[in-house]
Amino acid sequence: MNSIKVHDKTFVPYLKDEELQEVVKKVALDIYEDYKDEVPVFVGVLNGVIMFFADLLRHYPGECELAFLQVSSYSGTESTGIVYKKMDLTKEVKDRHIILVEDIVDTGNTIESLFEYFKNTQRPKSVKVASLLLKPEVYKKDFKIDYVGKEIPNKFVLGYGLDYDELGRNLRDLYQLEEGKINEK
Ligand code: IMP
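Described below are features of the structure shown in this document.

Rules of the game
- Residues numbered from 1 in each chain as written.
- Predicted model: local features only at pLDDT ≥ 70, side-chain atom pairs only at ≥ 80, totals over all residues.
- Heavy atoms only, no water.
- Helix = DSSP H or I, 4+ residues; strand = E, 2+ residues; numbered from the N terminus.
- Near = heavy atom within 4 Å.
- Polar contact = N/O pair within 3.5 Å; in protein donor to acceptor, adjacent residues only side chain to side chain.
- Areas by Shrake-Rupley, 256 points an atom, 1.4 Å probe, with all protein chains shown as cover.
- Nonpolar A, V, L, I, M, F, W, Y, C, P; charged D, E, K, R; others polar.
- Expected span 1.5 Å × (residues − 1).
- Buried < 20%, exposed > 50% of the residue type's maximum accessible area, 1.4 Å probe, protein only.
- Arc of directions from axis to C-beta.

## Some words on unusual backbone geometry
Here the residue pair leucine 46 and asparagine 47 is connected by a cis peptide bond, since its omega of 0 degrees sits within 30 degrees of zero. By the secondary structure assignment, asparagine 47 is in the loop between strand 3 (41-46) and helix 2 (50-59). One non-glycine residue, aspartate 95, adopts positive backbone phi at about 65 degrees. For aspartate 95, the location among the structural elements is in the loop between strand 5 (78-87) and strand 6 (97-105). With phi around 50 degrees, tyrosine 160 is a residue other than glycine that occupies positive phi space. Tracing the chain through its elements places tyrosine 160 in the loop between strand 9 (157-158) and strand 10 (174-177).

Listed below in structure tokens is the structure:
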């Protein structure tokens, strides 16, 4: 794996596809342990979740249903702190067990606001959260992330669904912003 340039920034290799698959498989099996007697609805938070979501489903050995919604809070490599809902939920989830599936939890603003949205407006039977990645140095909410694939340092990552200004989502592997460049504009 070589470094790559996306827009104005350089990204260095971080986690290869094969390593990501191991992480995803573990999350899928951990969820299955808790839901094997249920048919949960996996709710994918677009767009960043696409790769993780598809692989999670491939590794999930039980019955499940799918739904999506789209939100946005990032501008470039910074969180704006404001969560916009860009696309409505694609399925009725009243009285269902739902698992919100996120690519990455950073400040936690997105997932906290989605949790409130589901609890207050959709009335599911239960809500849990699964995230491929978590940045614990930034995450300061009390709210529990039930399933975490991997904890990572506070560095911007790219690839495997995650973008930098809309580019890089189609990379198979995960890359990290080059050292010392995180606050560069
Ligand atoms: P939060 O609301 O700060 O937790 O941010 C969550 C959302 O921000 C994620 O779903 C991503 O879309 C985006 N995000 C956070 N960190 C990164 C990153 O390192 N690379 C790419 N996108 C990120």
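Alright, that's what it looks like, and here's the rest.
## Topic: the site of the ligand
Taken together, 17 residues sit near the ligand, with Thr107, Gly108, Thr110, Lys135 and Val157 positioned nearest. Note that an oxygen atom of the ligand is positioned 2.9 Å from one of the side-chain N or O atoms of glutamate 102. For the ligand, the accessible surface in isolation is 490 Å², of which the surrounding protein chains cover 92%. With 4 residues, the top contributor of residues to the shell around the ligand is strand 6. Per-class residue counts for the shell around the ligand are 6 nonpolar, 6 polar and 5 charged.

## Section: helix 1 (residues 17-35)
Between its terminal C-alpha atoms helix 1 stretches 27 Å, which fits the 27 Å expected from 19 residues at 1.5 Å a residue. Taken residue by residue, helix 1 has Asp17, Leu20, Gln21, Val23, Val24, Val27, Ala28, Ile31 and Tyr35 as its buried positions. Considered in projection along helix 1, the buried side chains sweep an arc of 165 degrees and stay on one side of the axis. Turned more than 90 degrees from where helix 1 packs its buried face, Glu22 and Lys26 sit exposed.

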